[in-house]
Amino acid sequence: MSSVLARHAPSLVSSGIMVARFAKILSAAALIVSLVSAASLVAWAEDDQATSVIVPQSITAARWLPASTDGAPCSCLSPDVLIGRSGNASSEPCTVVCLGARGLLIAKMTARFANRIGPDLRIYERGSLQGETDDPFSVFVSANGHEWVRVADAIRNDPGRSSAEIDLGTLHGHFRFIRILAGGDGCLSGEGGPGFFAIEALHPSIDFGR
Ligand SMILES: [Ca+2]
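Residues numbered from 1 in each chain as written. Predicted model: local features only at pLDDT ≥ 70, side-chain atom pairs only at ≥ 80, totals over all residues.

Focus on the overall build of the protein chain
Point 1. Scanning the protein chain from N- to C-terminus turns up one helix and nine strands.
Point 2. Order of helices (α) and strands (β) in the protein chain, N terminus to C terminus: α-β-β-β-β-β-β-β-β-β.
Point 3. Burial statistics for the protein chain: of 210 residues in total, 31% are counted as buried.
Point 4. Of all intrachain contacts in the protein chain linking residues separated by at least 6 positions in sequence, the fraction that spans at least 24 positions is 75%. (Helix = DSSP H or I, 4+ residues; strand = E, 2+ residues; numbered from the N terminus. Buried ≥ 20, exposed ≤ 12 C-beta atoms within 10 Å, placed from the backbone. Contact = placed C-beta atoms within 7 Å.)

Put into structure tokens, the structure is as follows:
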């Protein structure tokens, strides 16, 4: 028996060394995988943060105020000033699209957006914090630019802010368009009207189809 063990001892030792080496390779591989996964998570988080706000890709406006010559904030010739813009209200001239009392604009966003937990849209309107009035407006969303769902009726900026946040409530689906109408039902008269700095959708849909 002992002679059998003696005969096989070298191969047993060799097998043990191979197992130990294999274990080391496995642990090294596991470390590399975990490092790559952590890096991917950081990259995903940064990418998610970078794309978390969706801004207008194009703007179509109807019945917005014509260009003025008195240096008023609504002196822009084109509603395109809203394209690609997000963030806080600005006091710079030529940064607002003013709709007047019966104005209407449609924003096609850069990506589809969806209803997630919390507010889903943030609309920046030139209001009391800029020395003007918080004017009412209504908001609609659409997946195709033809069929619209009203998600806010005659709202104004949130108290103490230059923007109004809108929750899509129980609405499901993926949307690409936002329509803003000055005033609301029964609010279609008067001299003033809302002016907008920026339009944001806060939650990209999982499908980033264009
Ligand atoms: Ca929501």
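Points about the environment of R116
Point 1. Inspection of the secondary structure assignment puts R116 in the loop between β3 (104-114) and β4 (121-125).
Point 2. Note: C-alpha distance between R116 and T170 (54 residues apart in sequence) is 9.7 Å.

Thoughts on the sheet that holds strand β7 (residues 163-166)
Point 1. On the basis of which strands lie adjacent, the open sheet formed by four strands has the order β2-β9-β4-β7 and antiparallel pairing. With one partner strand each, in any of the chains shown, β2 (97-98) and β7 form the two edges of the open sheet.
Point 2. Sheet topology places β2 next to strand β9 (residues 195-201); two bridges connect them, and they run antiparallel. Looking at β9, one finds that C98 is bridged to G195. (Pairing = 2+ DSSP bridges.)

Description of the nonpolar core
Point 1. A107, V139, I178 and F196 are the most contacted members of the largest nonpolar core, which has 35 residues in total.
Point 2. For this core, the element with the highest residue contribution is strand β8 (residues 174-182), accounting for six residues.
Point 3. Leaving out residues up to four positions away in the same chain, V139 has contacts with L121, I123, V151, A152, I166, I178 and I180. (Core = buried A, V, L, I, M, F, W, Y, C linked by C-beta atoms within 7 Å.)

Side note on the confidence of the model for the protein chain
For any part of a model where pLDDT is low, the fine detail of the predicted coordinates should not be relied upon.
Point 1. Confidence along the protein chain averages 76 in pLDDT terms, with 60% of residues attaining 70 or more.
Point 2. Confidence, read as mean pLDDT per element, is least for helix α1 (residues 2-50) in the protein chain (54) and greatest for β7 (97).
Point 3. Confidence drops under a pLDDT of 50 for residues 35-50, and excluding neighbours within four residues, the segment shows zero contacts in the predicted structure.
Point 4. Counted against residues more than four places away or in other chains, residues 186-190, with its pLDDT under 50, gives seven contacts. (pLDDT = per-residue confidence, 0-100.)

Brief notes about the environment of R122
Point 1. Locating R122 in the fold gives a position in strand β4.
Point 2. In the structure, R122 is positioned 69 residues away from V53 in sequence and 9.6 Å away in space, judged by C-alpha atoms.
Point 3. With residues near it in sequence (within four places) discarded, R122 still touches S163, E165, E200 and L202.

Thoughts on the environment of A198
Point 1. With respect to the helices and strands, A198 occurs in strand β9.
Point 2. For A198, a count of 25 C-beta atoms within 10 Å puts it in the buried group.
Point 3. Expressed as a C-alpha distance, the spacing of A198 and V81, which sit 117 residues apart in the sequence, is 8.9 Å.
Point 4. Beyond its immediate chain neighbours, meaning those up to four positions away, A198 contacts L82, R85, S86, G87 and Y124.

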